[in-house]
Amino acid sequence: EEEFKWLLQEEVHAVLRQLQDILKEASHCFALPTSGSGGAVKQENFVLSTSGTDQVKGVMTLQGDALCQADVNLKMPRNNQLLHFAFREDKQWKLQQIQDARNHVNQAIYLLMNRDVNYQFKTGLEVLKLMDAVMLQLSRARNRLTTPATLTLPEIASSGLTKMFTPALPPDILVNFYINLNKLCLTVYQLHVMQTSTTKNFKPAGGSVLHNPGSMFEFGTQRYEVSHVHKVECVVPWLNDALVFFTVSLQLCQQLKDKISVFSSHWNYRPY
């Protein structure tokens, strides 16, 4: 019982301080100044590439959770024509995944700090509830980076991203940016218009992270089929760091939960 008291009064607080330190580091990864600090977020350039094809090349400038510049070259396979398009200067594209992940980290930090320094935990159950709440936020933060949104082709076609470029994207090109784990990915879809006289069965594709050639969809008054898909990506080192911090934090939470549960099962004849 004395040991359990010590665990609640001393070790729990030590783990909470450790978690706060790790999550503050994770929060710094996202490199966004807190309100009022006034610091500008540094811009980082990334070269997008993929092995085995030079159809698409691009340079992206990432500033925190915003893509503030994108410069893309696309070689059209049917006539080897080279297309070049870049973001308009007055535009930047918010990466919602990064924004959401950061918000979940900050929520976890808030949960850990939301008590007086002299606060004493009375029961194991109280600690378990806190750990569950923190782990929920951390799992959500990690999932936002590891699980890109599934979009239908009409959703990609009507996304604000298509209006970001100058010169404007041709009607037979769609683009999508997303985060997958520690990578920034760009997918370029080349389309061809399906003739009304075609005998092909029209089956619109559902939502997906990546659509394959042959996927069909209707947009406006036209029906389209995806003829080529190009995916290029680059590693963003600080996203990697953030994912490591999430994993370490979740392990710490789980270890503390396991310890509490072991003690609680010893005293399972009394409420904990």
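Rules used throughout
Residues numbered from 1 in each chain as written. Predicted model: local features only at pLDDT ≥ 70, side-chain atom pairs only at ≥ 80, totals over all residues. Heavy atoms only, no water. Helix = DSSP H or I, 4+ residues; strand = E, 2+ residues; numbered from the N terminus. Rg over C-alpha atoms; globule rule 2.2 N^0.38 Å. Buried < 20%, exposed > 50% of the residue type's maximum accessible area, 1.4 Å probe, protein only. Areas by Shrake-Rupley, 256 points an atom, 1.4 Å probe, with all protein chains shown as cover. Lys, Arg positive; Asp, Glu negative; His and termini not counted. Charge placed at Lys NZ, Arg CZ, Asp CG, Glu CD. Core = buried A, V, L, I, M, F, W, Y, C linked by side-chain atoms within 4.5 Å. Pairing = 2+ DSSP bridges.

J.: In this structure, what is going on with the overall build of the protein chain? I would like to understand it.
T.: Summing up its helical and strand segments, the protein chain has five helices and 10 strands in all. Taken against the 2.2 N^0.38 rule, which gives 19 Å for 272 residues, the C-alpha radius of gyration of the protein chain at 24 Å runs more than 25% over that of a compact globule. With the C-alpha coordinates aligned to their principal axes, the bounding extent of the protein chain is approximately 80 × 45 × 35 Å. Relative to its full complement of 272 residues, the protein chain shows a buried share of 43%. Carbon and sulfur atoms make up 50% of the accessible area of the protein chain, which amounts to about 14,500 Å² in all. Each charge class in the protein chain can be summarised by its mean position, and for the 26 positive and 24 negative side chains these summaries are 5 Å apart.

J.: Would you mind showing me how to read the nonpolar core here?
T.: Here is a general trend for soluble globular proteins: nonpolar side chains tend to be buried in one another's company. Core analysis: the largest hydrophobic core is formed by 67 residues, its most contacted members being Met-131, Phe-165, Val-175, Phe-177, Leu-186, Phe-246 and Ile-260. In this structure, Leu-153, Ile-156, Leu-174 and Tyr-224 belong to the second largest nonpolar core, which totals nine residues.

J.: Please explain the pairing of strand 1 (residues 44-48) as it appears in this structure.
T.: Consecutive side chains along a regular strand alternate between the two faces of the sheet. Side-chain alternation along strand 1 places Glu-44, Phe-46 and Leu-48 on a buried face and Asn-45 and Val-47 on a face that remains uncovered. Pairing of strand 1 with strand 2 (residues 56-63), which is carried by five bridges, proceeds in the antiparallel orientation. Residue pairing in the sheet places Val-47 in a bridge with Val-59 of strand 2.

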